[in-house]
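# Reading the structure
One letter stands for each residue in the lines below.
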Amino acid sequence: MSPGFRRLLRPKWLVWHVLIGVLLITTFNLGFWQLRRLETRQTWNAQVELQGALPPVTLEEALVGPPDQALFRRVSATGEFDEAAQVYVAHRSQNDSPGLHVVTLLRVTDGPDVVVNRGFVPRLTYLEDDPTLWPAALGEVEISGVLVEQTVRSGGLGDEVMGIDLAALSQRWGVSVAPFVLQATDGANVDWLPAPLPEPDLSDGPHLGYALQWFAFTLVGVVGYPLAMANVARRTEEVA
């Protein structure tokens, strides 16, 4: 073995070889992790599209079957809003504007009461502390929307919460509620506020691009590191 390559077997260089090997294994696995996230997102997108294509049903009809058949289903519910049972989900944004989601209990006429996400209110409007700027529809109303999962996050202060925790809201308001959140699309509001929430993003997201980047980093290391070590060995022999 030449002196240059014997130098690369010294303890200092062996540590570098191990570190570079660990780094390459990590970047390689990160690439596959992003591919798994892409697969998960595509599965979610397909479920949203499939459920959204089904004809609308009543809330009670949607809740009869298995939970996965109710998720993302378009439904209608008839009842009266209880604005005494209302919270605000903080740290939301829409069209690059910070704000909150207005979440109100709908006391359903025929079926379980349901937590309704009525939409988005800009933070500056909310700070005016005037709920009459985003009133719920009065009297008995028919609400149309989509059933979505709760977004449980701990924390909050007063009427501001970090997410929609159905168990916590049920305890807070002293009522039993449906196991999904009704994201309203029509009939929930009197005026233009709260603003309707946008349709879900059904793109593949950045996961494929990120995966290709991680694999590119791995390829650069697999090819470049041996070449760099060969260059070190060659220069060692030239000096010798």
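The text that follows walks through the structure, step by step, so that each part is easy to find. (Residues numbered from 1 in each chain as written. Predicted model: local features only at pLDDT ≥ 70, side-chain atom pairs only at ≥ 80, totals over all residues. Heavy atoms only, no water.)

## Observations regarding helix α6 (residues 166-173)
Those residues of α6 that sit buried are Leu166, Leu169, Ser170 and Trp173. Projection of α6 onto a plane perpendicular to its axis shows the buried side chains occupying an angular sector of 100°, all on one side. Away from its buried face by more than 90 degrees, α6 exposes Ala167 and Gln171. If you follow the buried residues of α6, they end up packed against β2 (74-94), β3 (97-108), β4 (113-122) and β8 (177-186). For α6, the N-terminal capping position is held by Asp165, with its side-chain oxygen 3.2 Å away from the main-chain nitrogen of Ala167. (Buried < 20%, exposed > 50% of the residue type's maximum accessible area, 1.4 Å probe, protein only. Helix = DSSP H or I, 4+ residues; strand = E, 2+ residues; numbered from the N terminus. Arc of directions from axis to C-beta. Contact = heavy atoms within 4.5 Å. Polar contact = N/O pair within 3.5 Å; in protein donor to acceptor, adjacent residues only side chain to side chain.)

## A look at the nonpolar core
Core analysis: the biggest nonpolar cluster contains 24 residues, and Phe81, Leu106, Val114, Val116, Ile143, Leu147 and Leu182 have the highest contact counts within it. Those elements giving two or more residues to this core turn out to be α3 (59-62), β2, β3, β4, β5 (141-148) and β8. Of all the elements, β8 adds the most residues to this core, at 4 residues. Excluding anything up to four places from it in sequence, Val114 contacts Leu59, Thr104, Leu105, Leu106, Val108, Ala178, Phe180 and Leu182. In terms of nonpolar packing, the next biggest core, distinct from the first, is built from 15 residues, Val87, Leu105, Ile164 and Leu166 among them. (Core = buried A, V, L, I, M, F, W, Y, C linked by side-chain atoms within 4.5 Å.)

## Things to note about helix α2 (residues 11-52)
For α2, built from 42 residues, the straight-helix expectation of 62 Å at 1.5 Å per residue is met to within 8% by its first-to-last C-alpha distance of 61 Å. Those residues of α2 not exposed but buried are Trp13, Ile20, Leu24, Thr27, Gly31, Gln34, Leu38, Asn45, Val48 and Gln51. (Expected span 1.5 Å × (residues − 1).)

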